[in-house]
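Each chain, written out:
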Amino acid sequence: MKRLLAGIAVLVIIGCGNNNTPPKKEFTPPVDNKITQDKADSYVQASKFLMEAIKKQETSLQKFIKRWKLSNDLSELSDSTYCEKNPEVTKSWTRLQDQWRRAELSAYTKAGLGEDEFNWIGGALADTINIDIQSRIQKQLQ
């Protein structure tokens, strides 16, 4: 699991090329900062969809590393000289990043949430006003 999350972190943090992001859907958190049961259910769904997407992306990432004979930490991709000398790797990396971004956005959409809303729920779970919802979500995600 640790390796899986590290791989996804790498996908999000480093890379050669651009990662075009579609415009975000506006989300305004409720004034009381309370997570409704419907929102909690959508959050759980999105989290499960994201875990499926992460597993698929991990497989794609391993294939990418093997195909281009890269180090597991992908340090080559933060080297501008390497990227300039290997445009085919850069292009492939950009496609892999785009694939991840589409899968991530799809997870939110399938669960009926926007990215901002998903992130707000994750942060609002730490608020003591949401302790009951937090417990339910935690049990559902185990």
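Residues numbered from 1 in each chain as written. Predicted model: local features only at pLDDT ≥ 70, side-chain atom pairs only at ≥ 80, totals over all residues. Heavy atoms only, no water.

1. Digging into the packing of helix 2 (residues 37-68) against helix 6 (residues 131-140)
The description of two packed helices rests on the angle between their axes and on the distance between the axes.
Reasoning step 1: Running from N to C, helix 2 and helix 6 point in directions that differ by 30°, and their axes come no closer than 10 Å. Looking at the two axes, helix 2 sits roughly parallel to helix 6. In this structure, helix 2 meets helix 6 at a crossing whose hand is right-handed. Together, Q37, A40, D41, Y43, V44 and K48 of helix 2 and I133, R136, I137 and Q140 of helix 6 make up the contact between the two elements. (Axes fitted to C-alpha atoms, helices over the stretch in contact; angles between N-to-C directions. Helix = DSSP H or I, 4+ residues; strand = E, 2+ residues; numbered from the N terminus. Parallel < 35°, antiparallel > 145°, perpendicular 65-115°, else oblique. Left-handed = near helix turned anticlockwise from the far one by under 90°. Contact = heavy atoms within 4.5 Å.)

2. Quick notes on the nonpolar core
Reasoning step 1: Residues I35, F118 and I137 are the most contacted members of the largest nonpolar core, which totals 20 residues.
Reasoning step 2: When contributions to this core are tallied by element, the ones reaching two or more residues are helix 2, helix 4 (87-110), helix 5 (115-124) and helix 6.
Reasoning step 3: For F118, the contacting residues outside a window of four places in its chain are Y43, A46, S47, L50, Y108 and L113.
Reasoning step 4: Among the nonpolar cores identified, the runner-up in size contains eleven residues, and L61, I65, L70 and V89 belong to it. (Core = buried A, V, L, I, M, F, W, Y, C linked by side-chain atoms within 4.5 Å. Buried < 20%, exposed > 50% of the residue type's maximum accessible area, 1.4 Å probe, protein only.)

3. Thoughts on helix 4
Reasoning step 1: With 24 residues, helix 4 extends 34 Å from end C-alpha to end C-alpha; this agrees with the ideal 34 Å at 1.5 Å per step.
Reasoning step 2: Residues V89, T90, S92, W93, T94, L96, Q97, W100, R101, E104, A107 and Y108 constitute the buried set of helix 4.
Reasoning step 3: Looking one or two places after helix 4, you find G112, whose phi comes out positive at around 80°. (Expected span 1.5 Å × (residues − 1).)

4. Quick notes on unusual backbone geometry
Reasoning step 1: Positive phi, close to 60°, is recorded for N33, a residue that is not glycine.
Reasoning step 2: By the secondary structure assignment, N33 is in the loop between helix 1 (2-13) and helix 2.
Reasoning step 3: With a phi close to 55°, K69 is a non-glycine residue in the positive phi region.
Reasoning step 4: Along the chain, K69 turns up in the loop between helix 2 and helix 3 (80-85).
Reasoning step 5: On the basis of relative accessible area, K69 is assigned to the exposed category, the value being 73%.

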